[in-house]
Amino acid sequence: MPSIWKLQTLLESAWQSGFDPIGHCQIADVLSSMNTQAQATSSSSSELSRSSLCDSTVWLGATDVAALLGYLGVKCCIVDCPESHQTGGYHRNLLKHLLQYFKLTEITPGSSNTPAVQTLPVYLQYEGHSLVVVGVEVDSSDEPIALMLLDPSASPAAMRCLTQVLVDERIRPDQSISILSESASSTTWSQVMGAMRMDASKFKNRSYQLIQVDGLQETEEDIQDAMIPENIRIIL
């Protein structure tokens, strides 16, 4: 896992290579403003100005992450999920979109009945927080009721509970992850997956952005397209 400093360095390299020039200018303006404020409040005349993203505390958005992935040769697109006014007050269409994404199938060449399920995770960002979506939980009617996430704010103890079960192989490899073997009868579903599960009712922010990976860049046209990240808007 690369460090924050390494990711910042890679993003600066992406900007220098021509990726996301608009986002580059926006971050440069933020850094300039932060530098001006720091100089105004600093009592030391030797305070060094900061014009580099590296080691800064600037928040990065989905567009910045898309530019970084594009620089690394990954094809991706940004999905905008604007404010929702749906019944229930949460982004039902966001969850349905993610469900359809994870249910996408592709028939393996030479086979008429062997689907390859889309399993690539999705980057999800809202109001300064970012998560990685790895799956969708559905009810008996196949309606999405929760997202399965990797959350950097999850407690170490909760993640240890999850990883310990997996390391001990107490989840049957030939069954759904919700089915635990007898040796793990004392470990409940909520205990094992609680650190990764976010109920649908919690998705009430005004807007969300997703980054979906579409494979690797193969042509010069793919590289040029990645220079300006593609945005797709979910129609609510």
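Computed from a predicted model, the values in this text were never measured in an experiment.

## Let's talk about the overall build of the protein chain
Then comes step 1: Looking only at helices and strands, one finds seven helices and nine strands in the protein chain.
Then comes step 2: A sequence separation of at least 24 residues applies to 65% of the contacts in the protein chain between residues at least 6 apart.

## Side note on the nonpolar core
Then comes step 1: Leu 94, Leu 98, Leu 124, Val 133, Leu 147, Phe 203 and Leu 210 are the most contacted members of the largest nonpolar core, which totals 23 residues.
Then comes step 2: Of all the secondary structure elements, the ones that give two or more residues to this core are β1 (74–81), α4 (92–103), β4 (122–126), β5 (129–138), β6 (144–150) and β8 (208–216).
Then comes step 3: Ranked by size, the runner-up nonpolar core spans 13 residues in total, among them Leu 11, Phe 19, Leu 31 and Met 227.

## Structural notes on the layout of surface pockets
Then comes step 1: Considering only enclosed or pocket space, the largest pocket measures out at about 1200 Å³ in volume.
Then comes step 2: If you trace the largest pocket, you find 31 residues lining it, with Met 1, Leu 7, Val 65, Tyr 123 and Ser 130 closest to the centre.
Then comes step 3: Contributions of two or more residues to the lining of the largest pocket are made by α1 (4–16), α3 (62–71), β4, β5 and β8.
Then comes step 4: Take the lining of the largest pocket: its biggest share by element is five residues, from α1.
Then comes step 5: Of the residues that constitute the lining of the largest pocket, the class distribution is 22 nonpolar, seven polar and two charged.

## Brief notes about the confidence of the model for the protein chain
Then comes step 1: When pLDDT is averaged along the protein chain, the result is 79; 74% of the residues meet or exceed 70.
Then comes step 2: Note on residues 45–49: pLDDT is under 50 here. Beyond four places in sequence and across chains, it has four contacts.

## A word on the pairing of β5
Then comes step 1: Direction of pairing for β4 relative to β5: antiparallel, over a ladder of five bridges. Residue pairing in the sheet places Val 122 in a bridge with Val 133 of β5.
Then comes step 2: Two successive antiparallel strands, β4 and β5, enclose a turn made up of two residues, where Glu 127 displays a positive phi of approximately 40°.
Then comes step 3: The hairpin turn running from β5 into β6, its antiparallel successor, is five residues long, and Asp 142 in that turn takes a positive phi close to 65°.

## A closer look at the packing of aromatic side chains
Then comes step 1: For the structure on display, the rule yields four aromatic pairs.
Then comes step 2: When the ring of Phe 19 is compared with that of Tyr 71, the centres are 5.9 Å apart and the planes differ by 80°; the resulting orientation is edge-to-face. In this pair, Phe 19 is assigned in the loop between α1 and α2 (21–41) and Tyr 71 in helix α3, connecting sequence segments 52 residues apart.
Then comes step 3: Judged by relative accessible area, Phe 19 falls into the buried class, the value being 4%.
Then comes step 4: Measuring from ring centre to ring centre gives 5.2 Å for Tyr 126 and Tyr 208, while their planes differ by 55°; the resulting arrangement is tilted. Taken together, the positions of Tyr 126 in strand β4 and Tyr 208 in strand β8 put the pair 82 residues apart, joining distant regions of the chain.
Then comes step 5: Within the aromatic cluster, the residues linked to one another by ring pairs are Tyr 126, Phe 203 and Tyr 208.

Analysis parameters
- Residues numbered from 1 in each chain as written.
- Predicted model: local features only at pLDDT ≥ 70, side-chain atom pairs only at ≥ 80, totals over all residues.
- Heavy atoms only, no water.
- Helix = DSSP H or I, 4+ residues; strand = E, 2+ residues; numbered from the N terminus.
- Contact = heavy atoms within 4.5 Å.
- Core = buried A, V, L, I, M, F, W, Y, C linked by side-chain atoms within 4.5 Å.
- Buried < 20%, exposed > 50% of the residue type's maximum accessible area, 1.4 Å probe, protein only.
- 1 Å grid on protein atoms, 1.4 Å probe; cavity = no way out; pocket = protein on both sides within 12 Å on 5 of 7 lines; lining within 4 Å.
- Points joined across faces, edges and corners; volume = space filled by probe spheres on them.
- Nonpolar A, V, L, I, M, F, W, Y, C, P; charged D, E, K, R; others polar.
- pLDDT = per-residue confidence, 0-100.
- Pairing = 2+ DSSP bridges.
- Phe/Tyr/Trp six-rings, centres within 6.5 Å; stacked < 30°, edge-to-face > 60°.

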